[in-house]
Amino acid sequence: MTLTKSHDRIIPTEASVFLIINNIKEVEALKHEKIKVAEKRKNEICEAAKRCFLAKGFSKTGMEDVIKEVGMSKGGVYHHYKSTVDMLYDIMLKGNDYRFNKVSDFIEKNPDMSLEEMAVELVIAKMFDENDFMSIYAMFLMECKENSRLRKLRDEMKSNLTLEFLDFLEKN
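First, a word on scope: everything that follows refers to the structure included in this document.

Reading the values: the criteria
Counting from 1, residues in each chain are numbered in the order their sequence is written. With pLDDT at 70 or above as the cut-off, local features in this predicted model cover only qualifying residues; side-chain atom pairs require 80 or more to be listed or tallied, and sums for whole chains, interfaces and linings still use all residues. Remark: hydrogens and water are excluded; side-chain values derive from all non-hydrogen atoms of the structure. Lining residues are those with an atom within 4 Å of a point, where the points come from a 1 Å grid over the protein atoms alone and group into cavities, where a 1.4 Å probe fits but cannot get out, or pockets, open sets with protein on both sides within 12 Å along at least five of seven lines. Grid points are joined across faces, edges and corners, and a volume is the space filled by probe spheres set on the points. Only DSSP runs of H or I reaching four residues or more are called helices, and only runs of E reaching two or more are called strands; each is numbered from the N terminus. Here, residues are in contact when the closest pair of their heavy atoms is within 4.5 Å. The axes used here are C-alpha line fits, helices contributing only the stretch in contact, and every angle between their N-to-C directions lies in the interval 0 to 180 degrees. These descriptions rest on fixed angle ranges, namely under 35 degrees for roughly parallel, over 145 for roughly antiparallel, 65 to 115 for roughly perpendicular, and the rest for oblique. By convention, the crossing between two helices is left-handed when the near helix turns anticlockwise from the far helix through less than a right angle, and right-handed when the turn is clockwise. Asp, Glu, Lys and Arg are counted as charged, while Ala, Val, Leu, Ile, Met, Phe, Trp, Tyr, Cys and Pro are counted as nonpolar; the rest, among them Gly, fall into the polar class. A helix is expected to span 1.5 Å for every residue after the first. Here's how the labels work: a residue is buried when its accessible area is under 20% of the maximum for its type, exposed when over 50%, partly exposed in between, all with a 1.4 Å probe on protein chains only. Along the arc lie the directions from the helix axis toward the C-beta atoms.

Moving on, we get to the layout of surface pockets. Taken as a whole, the largest pocket encloses approximately 840 Å³ of empty space. Taken together, 29 residues make up the lining of the largest pocket; nearest its centre are Asn96, Arg99, Lys126, Leu161 and Phe165. When contributions to the lining of the largest pocket are tallied by element, the ones reaching two or more residues are helix H4 (84-109), helix H5 (115-128), helix H6 (132-144) and helix H7 (148-171). In terms of residue count, H4 provides more of the lining of the largest pocket than any other element does, nine residues in total.

Right, here's the structure in full:
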């Protein structure tokens, strides 16, 4: 980096400022890429956990089952998740995103429908929507009866979801 001295201060030249800015941009790009890779790994782990939960049930699925299913190292999985409860939490959040996207798409495709008609249609659509999240959600509710950590998670999700849903309604 080239610097010039002026009145006892070091002032970077235009070229050195350009290099600094480029380095900052490269570091930010690398951080963004690292975040994308981490998100991809977490998604892979959650998909493997979902398969295990659906096949064995939540209470009978251990970390070793998920590690085997996903094909990652123990350290790779434990880096992202400390327990199957943590995985279940993220799967539930993905289920919420799935549901919000379905509702948003429905609202967008039916702008002239009354609120009453829309509510009826959305409830029926939710009841008969075949997706893995429904089975996971039912399993989650059953497990809450026996697992205090899951009950706490349910209560936390309920509070957060209520706020998210109110925000969603305001936006749509």
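On we go from here.
Looking at where Asp129 falls in the secondary structure, it is placed in the loop between H5 and H6. Beyond its immediate chain neighbours, meaning those up to four positions away, Asp129 contacts Tyr98, Arg99, Lys102 and Met134.

At a minimum axis distance of 11 Å, the contact between H4 and H5 shows a crossing angle of 140 degrees. As judged from the angle between their axes, H4 and H5 are oblique. Note that H4 runs across H5; the crossing there is right-handed. Across from Arg99, Val103, Phe106 and Ile107 in H4, the residues of H5 making contact are Met118, Glu121, Leu122 and Lys126. For the contact of H4 with H5, the class distribution of residues is five nonpolar, no polar and three charged.

Quick look at H6 now. Across its 13 residues, H6 extends 18 Å between first and last C-alpha, which sits within 8% of the 18 Å expected from 1.5 Å per residue. Listed as buried for H6 are Phe133, Ile136, Met139, Phe140, Glu143 and Cys144. The buried side chains of H6 occupy one side of the element, clustering within an arc of 140 degrees when seen end-on.

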